[in-house]
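Chain by chain, the residues run as shown.
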Amino acid sequence: MAEGGSGSPKRTVTPYDEAMDALSSLITKRSRADKSNKGDRFDLLFDYLKMLNLDQAISEMKIIHVAGTKGKGSTCTFTESILRNCGFHTGLFTSPHLIDVRERFRLDGEDICEEKFLAYFWWCYDRLKEKTTEDIPMPTYFRFLALLAFKIFAAEQVDVAILEVGLGGTFDATNVVQTPVVCGISSLGYDHMEILGNTLGEIAGEKAGIFKHGVPAFTVPQPDEAMCVLEEKASKRDVPLQVAQPLDSNLLNGLKLGLEGEHQYVNAGLAIALSFKWLQRTGHLEISYLEQTSSLPEQFIKGLTTACLQGRAQIVPDRYINTESNGLVFYLDGAHSPESMEVCARWFSLTIKDDNEQNTLNCPSQNNYQSMHECVDKYHDRRSGKNFMQILLFNCMAVRDPQLLLPRLMKTCASHGVYFKKALFVPNVSVYYKVGSHALPPTDPHVDLLWQFALQRLWENLVQGDKGREANDTDAVFEEVKDDTGSSVRTCANSAVFPSLPLAIKWLRDSVYQNRSARVQVLVTGSLHLVGDVLRLVK
């Protein structure tokens, strides 16, 4: 480590760090809800393509374009894996990234290497810096990343480019694509309503903005309100729209999907339809083959069963703890909408039930959180010598409504007999306005925790059954204590607020060390940023 002139240590800046600083300079707002999401000067994207000499390349690219509220990332991942296993050279563009921005750009199933990333990054950045003007300024963050994806896929001459919409559809940067081979709309629900609209119909209208005249499209079973709008938009653009049915698990020949959760069979069904249609329209498949429903090609099965996606229904034992005991296990899912929160809660409940199948709780089903809590406290598996304890580690962005998320999470878990011993609320380590490299930034001793305190009050109200009362009317007693590092932690009977994620992780590890008979199962959810931060700390 180099020394600064004052004698203080100075961090060595790598070429990758320099690229991240340049990329961070393109973030114009400290929120995703900026004007570009609402179509602010969308036409500039076509100017950028010309500046980068990509307009011809993008028109010739064999693209699969996918929008949706839930499952679009999983659908794209399944689709890429299927076509890669069919022997094609694949490019996949997804968002957001969890640890490293290079995760957004995958070539043949692998994150783009640092050397190639830097070469393509500076090629695009320098040309845009040179050619942009006051009237045509540098593209904003996500627009630049989409342009970079087009450059990477064009230069690498991929056979197929699978593009996940970042937000919405109509004005998303990926929608600069005019001639995709096929489009997909995954499950729709309520999310980003400050941008996309307050009804399912309005949201569906924004997602259907990716439909192109005469280009076939597939969706999954949707609520009537959303389906009506999708059908109306498709009809206006002469789009043949079909509903892809969920995958029948029997077609996997006894194998399991690579992505966990029952909801993934819906996404897999959409991915199969998109893959078949792409193969057909690019001259690689006969129509009669497409109509077969009694079996799947071997390559499809391999693609579906080997697909992987970080931060979605992912299970990671903490390497810091003795691996033999598996004393601390993280169950990570970036759910952040009411519907996906319910899916996440169901996945977690069923998964830990399978994990502990030999150790089933012999407690009657009860509605009272506290009495069940006592039952959990007393539960001890005599055969393995383990006490099982479920902990929630949660944060969500302030644009989300936690009163729609946390009750759905708690109720769904409770319906499966899962009750959290403690809920931990933390601020995210990563921030939206700065793209970091591998290192986590230092803990801010003056971090604003008002949002986490609000989440904590809501949780305590839910636990006590005071759902009809205002959060500040709670009878819960909050206590401020110092941990062994001197940091303040606000605790209550069923929850705690930590000023940083590393301190919460330390508390979890200390809890396991102090009770070697405990197996702590931590559900991490509410924010993909939080999931990414946890992965950086525990992997």
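The rules behind each value
- Residues numbered from 1 in each chain as written.
- Predicted model: local features only at pLDDT ≥ 70, side-chain atom pairs only at ≥ 80, totals over all residues.
- Heavy atoms only, no water.
- Helix = DSSP H or I, 4+ residues; strand = E, 2+ residues; numbered from the N terminus.
- Buried < 20%, exposed > 50% of the residue type's maximum accessible area, 1.4 Å probe, protein only.
- Contact = heavy atoms within 4.5 Å.
- Areas by Shrake-Rupley, 256 points an atom, 1.4 Å probe, with all protein chains shown as cover.
- Polar contact = N/O pair within 3.5 Å; in protein donor to acceptor, adjacent residues only side chain to side chain.
- Axes fitted to C-alpha atoms, helices over the stretch in contact; angles between N-to-C directions.
- Parallel < 35°, antiparallel > 145°, perpendicular 65-115°, else oblique.
- Left-handed = near helix turned anticlockwise from the far one by under 90°.
- Nonpolar A, V, L, I, M, F, W, Y, C, P; charged D, E, K, R; others polar.
- Pairing = 2+ DSSP bridges.
- Core = buried A, V, L, I, M, F, W, Y, C linked by side-chain atoms within 4.5 Å.
- Phe/Tyr/Trp six-rings, centres within 6.5 Å; stacked < 30°, edge-to-face > 60°.

- The name given to the protein chain in an unreviewed UniProt entry is Folylpolyglutamate synthase, with Hevea brasiliensis as the source organism.

**Things to note about the overall build of the protein chain**
Alright, step 1. The secondary structure content of the protein chain amounts to 18 helices and 18 strands.
Alright, step 2. Out of the 539 residues in the protein chain, the part that is buried amounts to 56%.
Alright, step 3. Sequence separation of 24 or more characterises 75% of the internal contacts of the protein chain that already satisfy a separation of 6 or more.
Alright, step 4. Taken as a whole, the protein chain presents about 23800 Å² of accessible surface, with 48% of it coming from carbon and sulfur.

**Some details on helix α18 (residues 528-538)**
Alright, step 1. Burial of α18 is extensive: nine of the 11 residues sit out of reach of the surface.
Alright, step 2. When we look at burial in α18, the residues that qualify are L528, L530, V531, G532, D533, V534, L535, R536 and V538.
Alright, step 3. Check the buried side of α18 and you find it contacts β11 (314-317), β12 (328-332), β13 (387-394), α17 (501-514) and β18 (518-525).
Alright, step 4. The residue sitting at the N-terminus of α18 and contributing the capping side-chain oxygen is S527; that oxygen lies 3.1 Å from the backbone nitrogen of H529.

**Section: the packing of helix α1 (residues 15-24) against helix α5 (residues 114-131)**
Helix-helix packing: each pair is described by the crossing angle between the helix axes and the interaxial distance.
Alright, step 1. It is the contact of α1 with α5, at a shortest axis distance of 11 Å, that shows an interaxial angle of 40 degrees. The angle between α1 and α5 places the two elements in the oblique class. Here α1 and α5 pass one another in a crossing that is left-handed. Across the interface between the two elements, P15, Y16, E18, A19, M20, A22 and L23 of α1 pack against E114, F117, L118, F121, W122 and Y125 of α5.
Alright, step 2. Looking at the contact of α1 with α5 residue by residue, the classes come out as 11 nonpolar, no polar and two charged.

**Description of the sheet that holds β11**
Alright, step 1. Read from one edge to the other, the open sheet built from eight strands follows the order β11-β12-β18-β13-β14-β17-β16-β15, with strand pairing classed as mixed. Strand pairing shows two members of the sheet lacking a second neighbour, β11 and β15 (479-482), which therefore form its edges. The mean angle between the axes of side-by-side strands here comes to 25 degrees, regardless of whether they run parallel or antiparallel.
Alright, step 2. Bridge count between β13 and strand β14 (residues 422-425): four bridges; the pairing is parallel. From the neighbouring strand, F394 faces β14, where its bridge partner is F425.
Alright, step 3. Packing of α17 onto the sheet brings it into contact with β12, β13, β14 and β18, and relative to β12 it is tilted by some 140 degrees.
Alright, step 4. Here α18 sits on the sheet in contact with β11, β12, β13 and β18, set at roughly 150 degrees to β12.

**With respect to the environment of I315**
Alright, step 1. Tracing the chain through its elements places I315 in strand β11.
Alright, step 2. We classify I315 as partly exposed; its relative accessible area is 36%.
Alright, step 3. Each C-alpha atom of the pair I315 and F330 lies 5.8 Å from the other, and the pair is 15 residues apart in sequence.
Alright, step 4. The residues contacting I315, other than those within four sequence positions of it, are V329, F330, Y331, W347 and T351.

**Let's talk about the packing of α5 against helix α6 (residues 141-155)**
Alright, step 1. Running from N to C, α5 and α6 cross one another at 120 degrees; their axes reach a closest spacing of 10 Å. Taken together, α5 and α6 sit at an angle that is classed as oblique. When you trace α5 past α6, the crossing you get is right-handed. Only F144, L147, L148, K151, I152 and A155 of α6 make contact with α5, whose side of the interface consists of F117, Y120, F121, W123, C124, Y125 and L128.

**Quick word on the sheet that holds strand β8 (residues 182-185)**
Alright, step 1. The eight strands are arranged β6-β5-β4-β7-β3-β8-β9-β10 in an open sheet whose pairing can be described as mixed. Both edges of this open sheet fall to β6 (110-111) and β10 (241-243), since each of them pairs with a single strand only.
Alright, step 2. Bridge analysis of strand β5 (residues 105-107) against β6 gives two bridges, and the strand direction is antiparallel. The residue of β6 that forms the bridge with R106 is D111.
Alright, step 3. This element, helix α9 (residues 224-236), spans β8, β9 (217-219) and β10 of the sheet and lies at about 150 degrees to β10.

**Let's talk about the nonpolar core**
Alright, step 1. L23, F117 and F153 are the most contacted members of the largest nonpolar core, which totals 49 residues.
Alright, step 2. When residues in this core are grouped by element, the largest group, 11 residues, is from α6.
Alright, step 3. Non-local contacts of L23, meaning those with residues more than four positions away in its chain, are made with V101, F121, Y141, F144, L145 and V435.
Alright, step 4. L247, L259, A268 and L309 belong to the second-largest nonpolar core, a separate cluster that totals 37 residues.

**Remarks on the packing of aromatic side chains**
Alright, step 1. The tally for this structure, following the rule as stated, stands at 20 aromatic pairs.
Alright, step 2. Summarising the aromatic geometry, the rings of F93 and F142 are spaced 5.8 Å apart at their centres and angled 35 degrees between planes, so their arrangement reads as tilted. With F93 in strand β4 (residues 90-93) and F142 in helix α6, the pair connects residues that are 49 residues apart, well separated along the chain. Grouping residues by exposure puts F93 and F142 together as buried.
Alright, step 3. Centroid distance F394 to F425: 6.2 Å. Interplanar angle 75 degrees. Geometry classified as edge-to-face.

**Considerations on the side chain of D172**
Alright, step 1. Mapped onto the elements of the fold, D172 is located in the loop between β7 (160-164) and β8.
Alright, step 2. At 3.0 Å, the side chain of D172 forms a polar contact with the backbone nitrogen of G166.
Alright, step 3. Sequence-distant contacts of D172, defined by excluding residues within four places in its chain, comprise F42, F142, V165, G166 and L167.

**So, the environment of T140**
Alright, step 1. Along the polypeptide, T140 turns up in the loop between α5 and α6.
Alright, step 2. Remark: the alpha-carbon pair of T140 and T28, spanning 112 residues in sequence, is separated by 6.7 Å.

**Notes on the side chain of E80**
Alright, step 1. With respect to the secondary-structure elements, E80 resides in helix α4 (residues 72-85).
Alright, step 2. By relative accessible area, which is 2% here, E80 ends up buried.
Alright, step 3. When near neighbours in sequence (up to four residues on either side) are disregarded, E80 contacts T90, L92, D108, G109 and I162.

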